[in-house]
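Tertiary structure, described
Listed here are the chains, written in short residue letters.
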Amino acid sequence: MPSIEELAKQTEELFGSLPRRGLHVVSRRLLGRPDQFRAGFAIRFADAVTTWEITYGDWELTVRTGETEVFGPSSHPGFAGNTFSPEHLAENLPRLALQIEPLLDNPSRDVV
């Protein structure tokens, strides 16, 4: 099982290297203790236009820009939900990044 630190680093690398944007990390923090069953992380990215926050905790992944949920409980384009075990999150992060990338320019647009 990947550690929370490894998942945070993988998320940071994938979203920070999306070809359409020059996202850079503004802040990164671990949520809970890394040895806790449902620990997580919060990473805040920014570009010239907006700030994005990716949060993983309690096995739920949420991506927000301001008040807009881009990926989460009520909006999870391309997926059946937003709950991922650490193993499944590591496996699906590349696909998640590709699904979410088009929303970087227009967070209100639906992508399927």
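Just so it is clear, the structure is predicted and the values come from calculations on it, not from any experiment. (Residues numbered from 1 in each chain as written. Predicted model: local features only at pLDDT ≥ 70, side-chain atom pairs only at ≥ 80, totals over all residues. Heavy atoms only, no water.)

1. Observations regarding the sheet that holds strand β3 (residues 51-57)
Applied cut-off: Strands are labelled as partners when DSSP assigns at least two bridges between them. Secondary structure follows DSSP: runs of H or I at least 4 residues long count as helices, runs of E at least 2 residues long count as strands, and numbering of each begins at the N terminus. Here an axis means a line fitted to C-alpha atoms, over the contact stretch when the element is a helix, while the angle between two N-to-C directions is reported on a 0 to 180 degree scale. Whether two residues are in contact is decided by their heavy atoms: any pair within 4.5 Å suffices.
Reading across from one edge, β1-β2-β3-β4-β5 is the order of the five strands in this open sheet, with antiparallel pairing throughout. Of all strands in the sheet, those with a lone pairing partner are β1 (24-31) and β5 (68-71), marking the two edges. Averaged over all adjacent pairs, the angle separating strand axes in this sheet is 20°, with direction ignored. Relative to the sheet, helix α1 (residues 4-16) contacts β1, β2 (40-46) and β3, its axis offset from that of β2 by approximately 20°.

2. Considerations on the packing of α1 against helix α2 (residues 86-100)
What counts is decided by this rule: Orientation labels follow simple angle bins: below 35 degrees gives roughly parallel, above 145 gives roughly antiparallel, 65 to 115 gives roughly perpendicular, and whatever is left gives oblique. Note on convention: near helix rotated counterclockwise from far helix by under a right angle means a left-handed crossing. Clockwise means right-handed. As a working rule, the residues Ala, Val, Leu, Ile, Met, Phe, Trp, Tyr, Cys and Pro are called nonpolar, Asp, Glu, Lys and Arg charged, and the rest polar, with Gly in that last group.
Orientation of α1 relative to α2, taken along the N-to-C sense of each, is 15°, at an axis distance of 10 Å. When the interaxial angle is binned, α1 and α2 end up roughly parallel. The crossing of α1 and α2 is right-handed. Touching Leu 7, Gln 10, Thr 11, Leu 14 and Phe 15 of α1 are Pro 86, Leu 89, Ala 90, Leu 93, Pro 94, Ala 97 and Ile 100, all from α2. Across the contact of α1 with α2, the residue classes tally to 10 nonpolar, two polar and no charged.

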